[in-house]
Amino acid sequence: MFFAGAEATARAAVTLPVSVGIVRQNTVGIRLVLRTAALWGTVATLAACSASISPMRPNARSPVVSDIPEESPKTAGLSDLDYFEEYPLMVPVVGVEPEKVPDTFKQARGGNRTHRATDILATLGTPVVAVAPGKLLRLSNNALGGITIYMLDANGRFLYYYAHLDRYADRLKAGITVRQGDLLGYVGKTGNAPVPHLHFQAMRWDPKRRDYWNGDPVDIRPYFRLSGQERTTRP
Ligand SMILES: [Zn+2]
């Protein structure tokens, strides 16, 4: 069935430009066209971040990070699995459950590269929240990632990168500390994203390197434990 369906979809794609008048009279044809559109949408999504992969240097001077210590001794000896058992990670898009986050880390990208990040599809304007407590290192806008945030987690272990935002949350600025679930911004398609989604990347933090955006990417998806939810209680 799969192959038959794929073939039908392919035929619809081929005949689409010359058969619009016929398709209008044909509900089966309409379904095929819709399926084709959905397929094209998927393809566009998979290629959404073709260039926004690490390394992606911010388009301005690096922030001062001298006040950020090395990873806390209490967590430095932990494996990633143990670390995230102790500090459960939240999905950065509100309303998305951990098991719904797609595996896009190893997807191929242009130039024999791999994505090395996680793309989470969501409606334009869906709230984006902090995956963990941390500190915002940088808010920047660049051609590939669009409106972005670089955030260091509170234990100094991971750098988190959020890209393609539609806009930032009010009063957001570099240097502030955030708690897990704090509103950071909204899902968008700024930069090279043809469809709204969040490009989220975790990189291992090394305080000794100045090009912090080049840290080793870590496939963070298996460690999500909490559904994306905006923190509403304020002290
Ligand atoms: Zn991406």
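See above for the structure.
Since the structure is predicted, the reported quantities are computational estimates derived from the model, not experimental observations.

1. Quick word on the overall build of the protein
Each helix and strand in the protein was counted, giving five helices and 13 strands. By residue count, 34% of the 235 residues in the protein fall in the buried class. Summarising the internal contacts of the protein: among those between residues at least 6 apart in sequence, 72% fall at separations of at least 24.

2. What to know about the pairing of strand β1 (residues 89–94)
Within β1, five of the six residues are buried, leaving the element largely enclosed by the surrounding structure. Direction of pairing for β1 relative to strand β13 (residues 224–228): parallel, over a ladder of three bridges. Residue M90 lies in a different strand from β13, and its bridge partner there is L226.

3. Let's talk about the nonpolar core
The biggest cluster of nonpolar side chains holds 45 residues, and the ones touching the most others in it are V128, L159 and Y162. If you list the elements that add at least two residues to this core, you get β1, β4 (118–121), β5 (127–129), β6 (134–142), β7 (146–153), β8 (158–168), β10 (183–187) and β11 (197–204). The element best represented in this core is β8, accounting for eight residues.

4. Focus: the pairing of β8
When you tally the buried positions in β8, you get nine out of 11 residues, the bulk of the element. For β7 and β8, the ladder comprises five bridges, and the chain directions are antiparallel. Among the inter-strand pairings, Y150 is bridged to a residue of β8, identified as Y161. Connecting β7 to the next strand, β8, in antiparallel fashion are four residues, including G156 with a positive phi near 65°.

5. Remarks on unusual backbone geometry
In this structure, H164 is a non-glycine residue whose phi angle is positive, near 70°. Summarising the element assignment, H164 is placed in strand β8.

6. Comments concerning the environment of T190
Position of T190 relative to the elements: it lies in the loop between β10 and β11. On a C-alpha basis, the gap between T190 and G146 in space is 4.4 Å, while along the polypeptide they are 44 residues apart. In this view, T190 contacts G146, I147, H164, L165 and D166; residues no more than four positions away in its chain are not counted.

7. Thoughts on the environment of Y223
With respect to the helices, strands and loops of the structure, Y223 is situated in the loop between β12 (217–218) and β13. Sequence spacing of Y223 and Y83 is 140 residues, and the spatial spacing of their C-alpha atoms is 9.5 Å. If we ignore the near neighbours within four places in the chain, the residues touching Y223 are D80, F84 and L89.

About the cut-offs
Residues numbered from 1 in each chain as written. Predicted model: local features only at pLDDT ≥ 70, side-chain atom pairs only at ≥ 80, totals over all residues. Helix = DSSP H or I, 4+ residues; strand = E, 2+ residues; numbered from the N terminus. Buried ≥ 20, exposed ≤ 12 C-beta atoms within 10 Å, placed from the backbone. Contact = placed C-beta atoms within 7 Å. Pairing = 2+ DSSP bridges. Core = buried A, V, L, I, M, F, W, Y, C linked by C-beta atoms within 7 Å.

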